[in-house]
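Residue strings, one per chain:
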Amino acid sequence: MGETISEMAQAAIRHGGNLGRARLMFPDASEPWIDLSTGINPHPYPHSAIPASAFARLPEPETADYLKRLAALHFGAPSARHVTLSPGTQMLMPLLAQTALVRGAKSGAVLSPAYAEHARTARMAGLTMREVEHVSDLIAHDYVVVVNPNNPDGRIIDRETLLRLADSMHRNGGLLVVDEAFIETGGAESLADSVDRHALVVLRSFGKFYGLAGIRLGFAIAHPDIAAGLEARLGPWAVSGPALHIATEALADGTWQSAMRLRLADEARRMNCLLEKAGLNGVGGTPLFTLVRDERAKALFDHLGRLGILVRIFDERPDDIRFGLPGNDAEWQRLQAALLSFDHPSKV
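Given the structure is predicted, the values throughout are model-derived calculations rather than measurements.

> When you look at the UniProt feature "domain: Aminotransferase class I/classII large" (unreviewed entry) in the protein in this model, what are you seeing that I'm missing?
Per the UniProt record, the feature "domain: Aminotransferase class I/classII large" (unreviewed entry) sits at residues 33-331. A distance of 9 Å separates the end C-alpha atoms of residues 33-331, which is 39% helix and 20% strand.

Dropping the structure here:
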């Protein structure tokens, strides 16, 4: 596999959202920190009070079954039998790679650049993984992952292309995983209604759009045979009572969802204008994050870090820097001041 378990474990912590690591890097930074290093909605869903029983008792199967039915309706899945609940989509990634291995997969590929955990967890499961840049390069493999819309650049692959890829995987005994973590804000067409193709699994995240990543909830949408296999390996009570309570409210709240999509679209436009005024041009993204490509990315990361603003850079793509959304006007003003005070010359 090329990497040791220790090296892969270290790679797992190099993601956004690690304020402890940021404080070690910038011990004299201004407080409080503004964390723009993730694509998590800074305006979390305003759920009702969680009943004490959700903490004190094991979750009732009926509660999980109800959320599956609601999720199937919300995501457009054929039925609740096609839905698996998980404590975050992160937990599903190695299980899906193992599923592919059981099906006889020999090699895998991720359409890159993409969320690094797909490749890392598949390698830990025992698959050889390549990172490729063109959809046509995926067909040679039998475990394939496409993030749509993509993180970090917002790239969108059209529905028909993905369905043709799923059919190709099915003919060859492979498996296509489409990670739709950022699809709630629009742009891409979901494949959740097409998972009766045995070679297709769709992942949906809860924490990003609803701004509640800490409750750890995700969904796999797949043919019932695959969904049942994932559920069996996750075991009983995989999702907590508080997560079930919150998600049941949130998925049913169409009014909040519609208003939030409009708000995030407005704030994405505000971010693009702010970056443009600072001489930085976005090259992609979604309403939850904007990707900038600039040769001064590392210097800008350091400048913002010293001012207590954490953004996301990428070891493998040193010119890329990603900005999430501030949570309030005070944070927007701090970011604006920090960007306008950045005075680092371009490389000659």
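> What is the right way to look at the nonpolar core in this model?
One recurring pattern in soluble globular proteins is that nonpolar side chains are buried together. Counting residues in each nonpolar core, the largest one holds 81 residues, and the members touching the most others are V146, L176, F206, F219, I321, F323 and L339. The next biggest cluster of nonpolar side chains, apart from the first, holds 23 residues, and it includes L95, L127, A220 and L230.

> I tried to follow helix α13 (residues 329-340) on my own but got confused; where do I start?
Quick reminder: α-helices carry 3.6 residues per turn. Residues three or four places apart thus point the same way. The end-to-end C-alpha distance of α13 is 16 Å, a good match for the 16 Å that 12 residues give at a rise of 1.5 Å each. Along α13, the positions that sit buried rather than exposed are W332, L335, A338 and L339. Buried positions in α13, seen along its axis, are confined to an arc of 130° and lie on one side of it. Away from its buried face by more than 90 degrees, α13 exposes Q333 and L340. Among the residues of α13, the N-terminal cap falls to N328, whose side-chain oxygen and the backbone nitrogen of A330 are separated by 3.2 Å.

> Would you take a moment to explain the packing of aromatic side chains for this structure?
The geometry of an aromatic ring pair is captured by two quantities: the separation of the ring centres and the angle between the planes. Applying the stated criterion across every chain, the model contains 10 aromatic pairs. Here the aromatic rings of F182 and F289 are separated by 5.0 Å at their centres, their planes lie at 85°, and the arrangement is edge-to-face. Remark: F289 occurs in strand β10 (residues 289-293) and F182 occurs in the loop between β6 (175-179) and β7 (200-205); sequence separation between them is 107 residues. Like F289, F182 is buried. Taking 5.5 Å as the distance between ring centres and 15° as the angle between the ring planes, the aromatic pair formed by Y210 and W256 counts as stacked. Taken as a pair, Y210 in helix α8 (residues 207-210) and W256 in helix α11 (residues 254-277) lie far apart in primary sequence, 46 residues in all. Each member of the pair, Y210 as well as W256, is classed as buried. Joined through ring pairs, the aromatic side chains of Y45, F206, F209, Y210 and W256 make up one cluster. Just above the ring of F314 sits the side chain of R317; from NZ or CZ to the centre is 4.6 Å.

> I'm lost on the sheet that holds strand β4 (residues 128-132) in this one. Help?
An order of β2-β8-β7-β6-β5-β3-β4 is seen for the 7 strands of this open sheet, with the pairing classed as mixed. What marks the edges here is a single partner per strand, and that holds for β2 (83-86) and β4. Averaged over all pairs of adjacent strands, the angle between their axes in this sheet comes to 20°, without regard to strand direction. Strand contacts of helix α4 (residues 61-75): β2, β7 and β8 (218-222), with the helix running at about 120° to β2, the strand carrying the most contacts. Contacting β3 (107-111), β4, β5 (143-147), β6 and β7, helix α6 (residues 117-125) runs over the sheet at an angle of about 160° to β4.

> What should I look at first to understand the sheet that holds strand β13 (residues 317-324) in this one?
Within a sheet, neighbouring strands are paired by backbone hydrogen bonds and run either parallel or antiparallel to one another. With antiparallel pairing, 4 strands are arranged side by side in an open sheet as β9-β10-β13-β12. Because the sheet does not close on itself, it has two edges, and the strands there are β9 (282-286) and β12 (312-314). Shown here is a sheet whose adjacent strand axes are inclined to one another by a mean of 25°, direction ignored. Packed onto the sheet, α11 meets β10 and β13 and runs at close to 25° relative to β10.

> Sorry, what's going on with the side chain of R123 here?
Within the secondary structure layout, R123 lies in helix α6. Given the relative accessible area of 17%, R123 is considered buried. A distance of 3.2 Å separates the side chain of R123 from the backbone oxygen of M129, its partner in a polar contact.

> Whenever I open this one, the pairing of β10 confuses me. Can you help?
Two faces belong to every sheet, and in a regular strand the side chains alternate between them. Among the 5 residues that make up β10, 4 are buried, leaving the element largely enclosed by the rest of the structure. When β9 meets β10, the two strands line up antiparallel, connected through 4 bridges. If you follow G282 over to β10, its bridge partner there is V292. Two successive antiparallel strands, β9 and β10, enclose a turn made up of 2 residues.

> Sorry, what's going on with the pattern of salt bridges here?
Opposite charge on two side chains lets them pair, provided their charged atoms get close. Taken as a whole and assessed by the stated rule, the structure comprises 18 salt bridges. Between E231 and K68 there is a salt bridge whose closest N-O contact spans 2.5 Å. Taken as a pair, E231 in helix α9 (residues 224-234) and K68 in helix α4 lie far apart in primary sequence, 163 residues in all. Each member of the salt-bridge network shares a partner with another, and the members are E180, E184, R204 and R261.

Conventions used here
Residues numbered from 1 in each chain as written. Predicted model: local features only at pLDDT ≥ 70, side-chain atom pairs only at ≥ 80, totals over all residues. Heavy atoms only, no water. UniProt positions renumbered as here; feature names shortened; annotations may be inferred. Helix = DSSP H or I, 4+ residues; strand = E, 2+ residues; numbered from the N terminus. Core = buried A, V, L, I, M, F, W, Y, C linked by side-chain atoms within 4.5 Å. Buried < 20%, exposed > 50% of the residue type's maximum accessible area, 1.4 Å probe, protein only. Expected span 1.5 Å × (residues − 1). Arc of directions from axis to C-beta. Polar contact = N/O pair within 3.5 Å; in protein donor to acceptor, adjacent residues only side chain to side chain. Phe/Tyr/Trp six-rings, centres within 6.5 Å; stacked < 30°, edge-to-face > 60°. Lys NZ or Arg CZ within 6 Å of the ring centre and 35° of its normal. Pairing = 2+ DSSP bridges. Axes fitted to C-alpha atoms, helices over the stretch in contact; angles between N-to-C directions. Contact = heavy atoms within 4.5 Å. Salt bridge = Lys/Arg side-chain N within 4 Å of Asp/Glu carboxyl O.

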